[in-house]
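Architecture at a glance
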Amino acid sequence: MDKTTNPIGLFDSGIGGTSIWKEIHALLPNEDTIYLADSKNAPYGQKTKEEIVELSFKNTEYLLEQNAKMIVVACNTATTNAIKEMRAKYDVPFIGIEPALKPAAIHTKTKTIGILATKGTLTSELFYKTVANLKDITVVEQVGFNLVKLIEEGKLESDEIRELLKEYLQPMIEANIDHLVLGCSHYPYLVPQIKEILPKDVKIIDSGEAVARQTKLVLNENKLLNTAEHSRSNLFYVNSDSTVLNSILHNEYTVTKKDF
Ligand code: DGL
């Protein structure tokens, strides 16, 4: 059966994965998408691996019921804790996001890079293995406690977020990082606030563009790329209040509240 015109399914614990969705939407002009914001269960970052696997299965099954031809796990925490289990269980291509440590390690001059991510990501086996492979590089790790919660509450511009960021980034500045890796899909929404704190020459890296390129590649390899020009359908489902998701999408798309 030809699945090329089926939608790409994406999920995250909330609004963060829209930073990935935006890159995919920009790179792939003929793809329809369905995005699940599982904000009822946010943050994932403080949950156990078992809980994250279970939530990832639930989201995947919902997207497959909507005929998704591929699943983009637009969440570092779900990728690093559950992508192996998802790939083993479901017969569709999965795209995951992992913190972009490798590009930072290639380009660092100070041999010191910082990573801000959730506890779930920083304590995962996948993350541990990636760091272990970076020879001669110091990785300054920091859990972004409470950042996802505040972003989900729409408090991007709050003093609370600015204070937390100062506290989290100061040790990295003291350690002389020249790259900061954003290891959570929510954090690209904090780039303006992060830039106010970091020295100008510190490069901020996220995985959005690379994930979009990988999505295109895997669609191509699996003969799933939609080449039919049409007016695109982009559906957004959220299982708690929709205000923040709507505002992050500038009210340009229909956001539906659903129980999933
Ligand atoms: N956006 C997520 C990530 O990339 C999840 C954050 C959370 O729910 O804790 O890790």
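The structure we're discussing is the one just above.
Below, the structure is looked at part by part. Numbering of residues begins from 1 in every chain and follows the order in which that chain's sequence is written. At least 70 in pLDDT is required for a residue's local features to be given in this predicted model, at least 80 for side-chain atom pairs to be given and counted, and no such filter applies to totals for whole chains, interfaces and linings, which use all residues. To obtain the side-chain values, all non-hydrogen atoms of the structure were included, while hydrogens and water were left out.

1. Let's talk about the site of the ligand
When we say a residue is near a molecule or strand, we mean one of its heavy atoms is within 4 Å of it. Around the ligand, a shell composed of 13 residues is seen, among which S13, Y44, G45, T77 and H186 lie nearest. As used in this structure description, the phrase polar contact means that two N or O atoms lie within 3.5 Å; if the pair is within protein, one of them must be able to donate a hydrogen and the other to accept it, and residues adjacent in sequence are counted only when both atoms belong to side chains. At a separation of 2.9 Å, a nitrogen atom of the ligand approaches a polar side-chain atom of D12. Here the term cavity refers to a set of points on a 1 Å grid, laid over the protein atoms alone, in which a 1.4 Å probe fits but cannot get out; the term pocket refers to an open set having protein on both sides within 12 Å along at least five of seven lines, with lining residues being those that place an atom within 4 Å of a point. Those molecules having more than half of their atoms within 2 Å of a cavity or pocket grid point set are described as sitting in that cavity or pocket. With respect to the detected pockets, the ligand is housed in the largest cavity. The nonpolar class holds Ala, Val, Leu, Ile, Met, Phe, Trp, Tyr, Cys and Pro. Asp, Glu, Lys and Arg form the charged class, and all remaining residues, Gly among them, are polar. Split by residue class, the shell around the ligand holds five nonpolar, seven polar and one charged.

2. Observations regarding the sheet that holds strand β1 (residues 8-12)
Two strands pair if DSSP finds at least two bridges between them. By definition, any uninterrupted DSSP run of H or I lasting at least four residues is a helix, any uninterrupted run of E lasting at least two residues is a strand, and each is numbered from the N terminus. Strands sit in the order β4-β3-β1-β2-β9-β10 across an open sheet of six strands; the sheet is parallel. Each edge of the sheet is formed by a strand with only one pairing partner; in this case those strands are β4 (94-96) and β10 (255-257). Direction aside, the axes of adjacent strands within the sheet are offset by 20° on average. Working rule for contacts: check all heavy atoms of both residues, and any pair within 4.5 Å makes them a contact. All axes here are fitted lines through C-alpha atoms, helices being fitted over the stretch that makes contact, and every angle between N-to-C directions spans 0 to 180 degrees. The sheet strands contacting helix α2 (residues 49-65) are β1, β2 (33-37), β3 (70-73), β4 and β9 (234-238), and the helix crosses β1 at an angle near 155°. Along the sheet face, helix α3 (residues 76-89) touches β1, β3 and β4 and points at about 165° away from the line of β4.

3. Brief notes about the sheet that holds strand β5 (residues 112-117)
Taking strand neighbours across the sheet as the criterion, the four strands line up as β6-β5-β7-β8 in an open arrangement whose pairing is parallel. On the outer flanks of this sheet lie β6 (138-143) and β8 (203-205), each paired with one strand and no other. Within this sheet the neighbouring strands show an average axis-to-axis angle of 20°, counted without direction. Helix α8 (residues 159-174) rests against β5, β6 and β7 (179-183) of the sheet, and its axis sits at about 160° to β5.

4. Some details on the side chain of H179
In this structure, H179 sits in strand β7. In this structure the side chain of H179 is engaged in a polar contact, spanning 3.0 Å, whose partner is the side chain of D178. If near-sequence neighbours (up to four positions away) are discounted, H179 is found in contact with A104, H107, T108, T112, I113, G114, V202, K203 and I205.

Structural measurements only, silent on function.
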